[in-house]
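# Summary of the model geometry
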Amino acid sequence: MSLELSVAEAAAVLRRGQLALIPTETVYGLAANALDAQAVASIFEAKGRPHFNPIICHVSGLDALHRYARVDALSAALADQFWPGPLSLVLEQRGAIPPIVSGGGGPVAFRAPDHPQALALLHACDFPLAAPSANLSGRRSPTTAAMACAQLSFAVAGFLEGGPCRVGLESTVLQSTPEGLLLLREGGLTREELQAAGFEVVTEVRESGAPRSPGQLLQHYAPDAPLLWLEGWTKLNAKQREDFWRLTIAKLGHAPGRIVLLSPLPPEAQWLQSMPPHRLAVLAPSGNLREAAAALFSAFEEWASEADLLVALPAPEAGLGRAINDRLRRAASARLHPDSN
Ligand code: TXA
Ligand code: MG
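My aim in this report is to walk through the structure given alongside it, one point at a time. Fair warning: this is a prediction, and the values are worked out from it, not measured in the lab.

### Remarks on the overall build of the chain
Counting secondary structure elements, the chain contains ten helices and 16 strands. Expressed along its principal axes, the backbone C-alpha trace of the chain runs to roughly 60 × 45 × 35 Å. Counting over 341 residues, the chain shows a buried share of 56%. Mean positive and mean negative side-chain charge positions of the chain (28 and 33 charges, respectively) differ by 3 Å.

### Describing the packing of aromatic side chains
A full pass over the atoms with the stated rule returns four aromatic pairs. Measuring from centroid to centroid gives 6.0 Å for W233 and F244, while their planes differ by 45°, and the two rings are tilted. On the criterion of sequence distance, the pair formed by W233 in the loop between strand 12 (227-230) and helix 8 (238-252) and F244 in helix 8 is long-range, its members being eleven residues apart. F244 matches W233 in its accessibility class, with the two residues each being buried. A centroid spacing of 6.1 Å and a plane angle of 75° characterise the contact between W233 and W245, whose relative ring orientation is edge-to-face. Taken together, the residues span a long stretch of sequence, with W233 in the loop between strand 12 and helix 8 and W245 in helix 8 at a distance of twelve residues. One exposure class covers both W233 and W245, and it is buried.

### Observations regarding the side chain of T177
Secondary-structure assignment places T177 in strand 9 (residues 172-177). Using a relative accessible area of 13% as the deciding quantity, one classes T177 as buried. Here the side chain of T177 touches G180 through a polar contact of 2.8 Å, landing on its backbone oxygen.

### Topic: the pairing of strand 10 (residues 180-185)
Where burial is concerned, most of strand 10 is hidden: five out of the six residues are buried. When strand 9 meets strand 10, the two strands line up antiparallel, connected through five bridges. Looking at strand 10, one finds that S176 is bridged to L181. Between strand 9 and the antiparallel strand that follows it, strand 10, lie two residues. Each parallel crossover has a hand, and the one from strand 10 via helix 7 (residues 191-196) to strand 11 (residues 201-203) is right-handed.

### Considering the environment of R70
Residue placement: R70 occurs in strand 4 (residues 69-70). Judged by its relative accessible area of 48%, R70 falls in the partly exposed class. Counting along the chain gives 23 residues from R70 to K47, while the straight-line C-alpha distance between them is 29 Å. In this structure, R70 is in contact with L91, E92, Q93 and R94, ignoring residues within four places of it in sequence.

### Topic: the sheet that holds strand 12
An order of 14-13-15-12-16 is seen for the five strands of this open sheet, with the pairing classed as parallel. Two strands lie at the open edges of the sheet, namely strand 14 (278-282) and strand 16 (334-336), each paired on one side alone. Direction aside, neighbouring strands of the sheet carry axes that sit 25° apart on average. Sheet analysis places strand 12 next to strand 15 (residues 309-312), joined by three bridges and oriented parallel. In the sheet register, L228 faces strand 15, and the bridge partner there is V311. In the packing of helix 9 (residues 289-304) onto the sheet, contacts are made with strand 12, strand 13 (259-263), strand 14 and strand 15, and the angle to strand 13 comes to roughly 165°.

### Quick word on the pattern of salt bridges
A complete count under the given rule lists 17 salt bridges for this structure. Note that R327 and E170 form a salt bridge whose closest N and O atoms lie 2.8 Å from each other. Remark: E170 occurs in the loop between strand 8 (158-159) and strand 9 and R327 occurs in helix 10 (residues 320-331); sequence separation between them is 157 residues. E170 carries the same exposure label as R327, and that label is buried. Note that E242 and R246 form a salt bridge whose closest N and O atoms lie 3.1 Å from each other. In this pair, E242 and R246 both sit in helix 8, four residues apart, roughly one turn of the helix. Judged by relative accessible area, E242 falls into the partly exposed class, the value being 25%. For R246, a relative accessible area of 51% corresponds to the exposed category. Residues joined by salt bridges that share partners form a network here, namely R139, R140, D224 and E301.

### Observations concerning the nonpolar core
Among the nonpolar cores identified, the biggest contains 49 residues, and L21, L30, L78, W83, F110 and L174 are the most heavily contacted of them. For this core, the secondary structure elements donating two or more residues are strand 2 (29-33), helix 2 (37-47), helix 3 (62-68), helix 4 (73-82), strand 5 (87-93), strand 6 (108-111), helix 6 (145-152) and strand 10. Counting residues per element, this core draws most heavily on helix 2, at five residues. Other than its neighbours up to four places away in sequence, W83 contacts V59, G61, L62, L65, L78, L89, F110, R111 and A112.

Rules behind the numbers
- Residues numbered from 1 in each chain as written.
- Chains lettered and ligands numbered in written order.
- Predicted model: local features only at pLDDT ≥ 70, side-chain atom pairs only at ≥ 80, totals over all residues.
- Heavy atoms only, no water.
- Helix = DSSP H or I, 4+ residues; strand = E, 2+ residues; numbered from the N terminus.
- Buried < 20%, exposed > 50% of the residue type's maximum accessible area, 1.4 Å probe, protein only.
- Lys, Arg positive; Asp, Glu negative; His and termini not counted.
- Charge placed at Lys NZ, Arg CZ, Asp CG, Glu CD.
- Phe/Tyr/Trp six-rings, centres within 6.5 Å; stacked < 30°, edge-to-face > 60°.
- Polar contact = N/O pair within 3.5 Å; in protein donor to acceptor, adjacent residues only side chain to side chain.
- Pairing = 2+ DSSP bridges.
- Right-handed = clockwise from strand over helix to strand, strands pointing away.
- Contact = heavy atoms within 4.5 Å.
- Axes fitted to C-alpha atoms, helices over the stretch in contact; angles between N-to-C directions.
- Salt bridge = Lys/Arg side-chain N within 4 Å of Asp/Glu carboxyl O.
- Core = buried A, V, L, I, M, F, W, Y, C linked by side-chain atoms within 4.5 Å.

Function-wise, these values are silent; they only describe arrangement.
What follows is the structure, encoded as structure tokens:
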């Protein structure tokens, strides 16, 4: 672990251009003064992050947002409704934020985190905080200070202790565009919550060119053991799942070593028990997707050390299940398709 900082100490080291690990309600962040291009450059360097991948700017709320961004009416309504909270909004900025933050110029993503220490820190700083998740590029996001320190203490002046993250998945990233409200990343704020508040989202159609949220391109969140993802599972009916499961078992029969079956919710069907010798890790014994989301990244940590192979069972494709499945899919080092042979 590195040095634990008070809010005032963290504000002071950030003002000097150093980095600090900070809690948010989603995941821990690796923070720098967003107005200091050199400090932001050291985030990219510490994480080994590709320079085209932009970083989210954290602000204390709507007032601070107006200082740095041109805020359209739809984005203002979203921030008003969901901030502080797990929602990032991509907006035109007013010019104070150096281009390195947005991966070379262009719009900047902003959010106000719903965490008392993070908000106290943002109020103690007279600048916004650029903060990606506090992991090495491609690795799992940390949901405790210890997980963040284990990956990045070499790069920071210290950390702010904020306890385990309540949400456990990164923020939802939205951009208000002429085509509608684009969902750039599934995250802690669900489509259903947006809809219930009267906001319809459209998902990005990417026929050619780079996605607008470049981080979505990357293999990410990798646990220490290989992770097998069952592609298309959520679209199958019960009979097709059973067939797919038989195929999976047949394949796993040849896999040496210890298998851990990682299941967001308690597996519904009896036939799931018919595996080769394995351990079953259920993220949310209560059956609640919130609990599964909060447990996901620490489960990677916990179970990867016990397993030679992790097999992920998808969550239902609704609510937080979509973001959980997005993270599992991108953490996977191998995929199995229902029609593989
Ligand atoms: O919950 C979160 O969002 C956490 C905490 C620390 O706030 N942060 C986080 O940052 O997850 P990071 O860098 O790990 O992921 C940011 C995602 C990436 O997929 C990136 O491509 C996208 O947001 N993003 C950031 N700025 C963007 C921009 N200007 N335009 C489009 N996408 C952007
Ligand atoms: Mg990240």
